[in-house]
Amino acid sequence: MRSLLWFSGIVDKVNEKIGNVCNWLVLLACVVSGGNAMIRYAYDRSSNAWLEMQWYMFAVIVMFGASYTLKRNEHVRVDLLYMMLRRRGQLWIDILGTLIFLLPTCTILAWLSWPFFMQSYATFEGSSNAGGLLRWPIKLVMPVGFVLVALQGLSELIKRVAFLNGFPVESLEAHYERPTQ
């Protein structure tokens with residue numbers, strides 16, 4: 001179990017660093033968006049590459065930020081029963097949800113999105129817009145993003161199983177608060 005917790009720690013650290021990059025990408029996307037709008041209205045000039053760069057940054061933020069969100073236990077959940085359960089029951093719901101839904105879904109989506117990327121890479125696909133960017137690099141974000149979420153799901157699974165078996169788990173983010181609305 002210790003080696004699995006070591007693996008879980010590595011996955012957590014990688015996704016924490018990726019999450020920090022995504023946080024900075026949000027700021028960068030805002031700067032690019034604002035700069036592009038200012039140049040377009042002030043000088044009547046624009047570039048499809050800058051517009052596509054905003055889309056690419058948003059795609060990276062969503063696809064890579066999902067694993068970071070899962071690590072921090074800040075993902076969307078349906079809490080009809082979850083809030084009424086004690087911690088042990090909540091951990092079991094997390095384990096079953098990860099095994100039945102998260103891991104199979106991420107595996108299938110990563111598998112299905114890989115040919116989508118490979119076809120684009122093989123043809124060196126570029127934007128259909130004049131002055132646009134290459135398409136294949138952003139298409140790699142899909143399978144990599146799903147693999148990152150699956151790895152983080154595996155990490156969370158390991159931590160929850162270890163905790164239920166009496167192992168001390170420092171990075172178990174299992175506390176959940178109902179959102180105020």
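Structure shown above.
Residues numbered from 1 in each chain as written. Predicted model: local features only at pLDDT ≥ 70, side-chain atom pairs only at ≥ 80, totals over all residues. Heavy atoms only, no water.

K.L.:
How would you explain the overall build of the protein chain if you had to name every residue and give the values?
P.N.:
Regarding its fold elements, the protein chain presents four helices and zero strands. Helices and strands appear in the protein chain in the N-to-C order α-α-α-α. A burial count over the protein chain gives 37% of its 181 residues as buried. Sequence-distant contacts in the protein chain: of pairs separated by 6 or more residues, those separated by 24 or more amount to 74%. Accessible surface computed for the protein chain: about 11700 Å², of which carbon and sulfur atoms make up 68%. Positive and negative side-chain charges of the protein chain, numbering 16 and 12 respectively, have mean locations separated by a distance of 4 Å. (Helix = DSSP H or I, 4+ residues; strand = E, 2+ residues; numbered from the N terminus. Buried < 20%, exposed > 50% of the residue type's maximum accessible area, 1.4 Å probe, protein only. Contact = heavy atoms within 4.5 Å. Areas by Shrake-Rupley, 256 points an atom, 1.4 Å probe, with all protein chains shown as cover. Lys, Arg positive; Asp, Glu negative; His and termini not counted. Charge placed at Lys NZ, Arg CZ, Asp CG, Glu CD.)

K.L.:
Which residues make up the packing of helix H3 (residues 87-122) against helix H4 (residues 136-164), and what are the values?
P.N.:
Interaxial distance between H3 and H4 falls to 8 Å at its minimum, and their mutual angle equals 160 degrees. Of the possible angle classes, the one that applies to H3 and H4 is roughly antiparallel. H4 is crossed by H3, and the crossing has left-handed handedness. (Axes fitted to C-alpha atoms, helices over the stretch in contact; angles between N-to-C directions. Parallel < 35°, antiparallel > 145°, perpendicular 65-115°, else oblique. Left-handed = near helix turned anticlockwise from the far one by under 90°.)

K.L.:
Kindly report on the side chain of Ser 113, identifying the contributing residues and their values.
P.N.:
By the secondary structure assignment, Ser 113 is in helix H3. A relative accessible area of 4% means that Ser 113 is categorised as buried. Residues in contact with Ser 113, not counting those within four places in the same chain, are Met 142, Pro 143 and Phe 146.

K.L.:
I'd love a proper account of helix H1 (residues 2-43), names of residues and values included.
P.N.:
In a regular helix each residue adds 1.5 Å, so 42 residues correspond to 62 Å; H1 covers 60 Å between its end C-alpha atoms and thus fits that length. Taken together, the buried positions of H1 are occupied by Leu 5, Ser 8, Val 11, Asp 12, Asn 15, Ile 18, Gly 19, Cys 22, Leu 25, Ala 29, Val 32 and Asn 36. On the buried face of H1, the contacting elements are helix H2 (48-71) and H4. Phi turns positive one or two residues past the end of H1, at Asp 44, with a value near 55 degrees. (Expected span 1.5 Å × (residues − 1).)

K.L.:
Quick one: what's the story with the environment of Asn 23, residue by residue and with numbers?
P.N.:
Within the fold, Asn 23 resides in helix H1. Separated by 38 residues in sequence, Asn 23 and Ile 61 place their C-alpha atoms 7.7 Å apart.

K.L.:
Give a detailed account of the environment of Gln 54, specifying residues and quantitative values.
P.N.:
Among the secondary structure elements, Gln 54 is positioned in helix H2. According to the relative accessible area criterion, Gln 54 is buried, its value standing at 14%. The spatial distance from the C-alpha of Gln 54 to the C-alpha of Met 83 is 38 Å, given a sequence separation of 29 residues. Once residues within four sequence positions are removed from consideration, Gln 54 is found in contact with Val 32, Ser 33 and Asn 36.

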